[in-house]
Amino acid sequence: MRIILYGTTAGCEKVRTYLDDFELHIYTHMEQLIPALIETIPDAVFILMENAAGMEGVIAVKKIAPELPVAWFSNDRDFAPQAYRLHTEYFASLPANREKITDALSRCRLL
């Protein structure tokens, strides 16, 4: 299964250690993410961005592929209502850890 990780290099590299069984593609800029989504729709997208940058990532993904499962990890819990409004499958605070990643995979129907 193919998962796109969109976030900071350090955050994505940390999450990568929990996803050994998946084909991962890491993008750190919106200019990379959008063409990647248009080219080939993955099985899920994990957004690992702080503040409004994370919300913009979710909006972009849902605009291109509304049914695509999205897990959003943010440093600001006040974005939880936005995650609900944008129909994300999973929302959690940063930093991501093994338990949160496992929960996200389950909610995105990848386990």
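Throughout this document, residue positions are counted from 1 along each chain, in the order its sequence is written. The model is predicted, so local features are restricted to residues of pLDDT at least 70 and side-chain atom pairs to those at 80 or more, both for listing and for counting; the totals for chains, interfaces and linings are taken over all residues. To obtain the side-chain values, all non-hydrogen atoms of the structure were included, while hydrogens and water were left out.

Some points on the side chain of Lys 100
Then, in step 1: Secondary structure elements are defined from DSSP: runs of H or I of at least 4 residues count as helices, runs of E of at least 2 residues count as strands, and each element is numbered from the N terminus. With respect to the secondary-structure elements, Lys 100 resides in helix 5 (residues 98–107).
Then, in step 2: The cut-offs for exposure are 20% and 50% of the maximum accessible area for each residue type, with area from a 1.4 Å probe on protein chains only; residues under the lower value are buried, those over the upper are exposed, and the others partly exposed. In this tally, Lys and Arg are treated as positive and Asp and Glu as negative; His is ignored, and so are the chain termini. A side-chain nitrogen of Lys or Arg and a carboxyl oxygen of Asp or Glu constitute a salt bridge if their distance falls within 4 Å. Buried Lys 100, no salt bridge; nearest opposite-charge side chain is Glu 99, N-O distance 8.5 Å.
Then, in step 3: Ignoring any residue separated from it by four or fewer positions in sequence, one finds Lys 100 in contact with Phe 73, Tyr 90, Ala 92, Ser 93, Leu 94 and Pro 95. Every residue pair with non-hydrogen atoms within 4.5 Å of one another is taken to be in contact.

Looking at the packing of aromatic side chains
Then, in step 1: Note on aromatic contacts: the rings of Phe and Tyr and the six-membered ring of Trp form a pair at centre separations within 6.5 Å, being stacked when their planes are under 30 degrees apart, edge-to-face when over 60 apart, and tilted otherwise. Here the structure, examined in full by the defined rule, presents 4 aromatic pairs.
Then, in step 2: For the pair Trp 72 and Phe 79, a centre-to-centre distance of 5.7 Å together with 45° between the ring planes defines the contact as tilted. For the pair formed by Trp 72 and Phe 79, the shared burial category is buried.
Then, in step 3: Between the aromatic rings of Trp 72 and Phe 91, the centroid separation amounts to 5.2 Å while the plane-to-plane angle is 85°, which identifies the pairing as edge-to-face. Here the residue Trp 72 occupies a position in strand 4 (residues 70–74), and Phe 91 occupies one in strand 5 (residues 90–93), the gap between them amounting to 19 residues.
Then, in step 4: Given a relative accessible area of 16%, Phe 91 falls into the buried group.
Then, in step 5: A connected cluster of aromatic rings, assembled from ring pairs, spans Phe 46, Phe 73 and Tyr 90.

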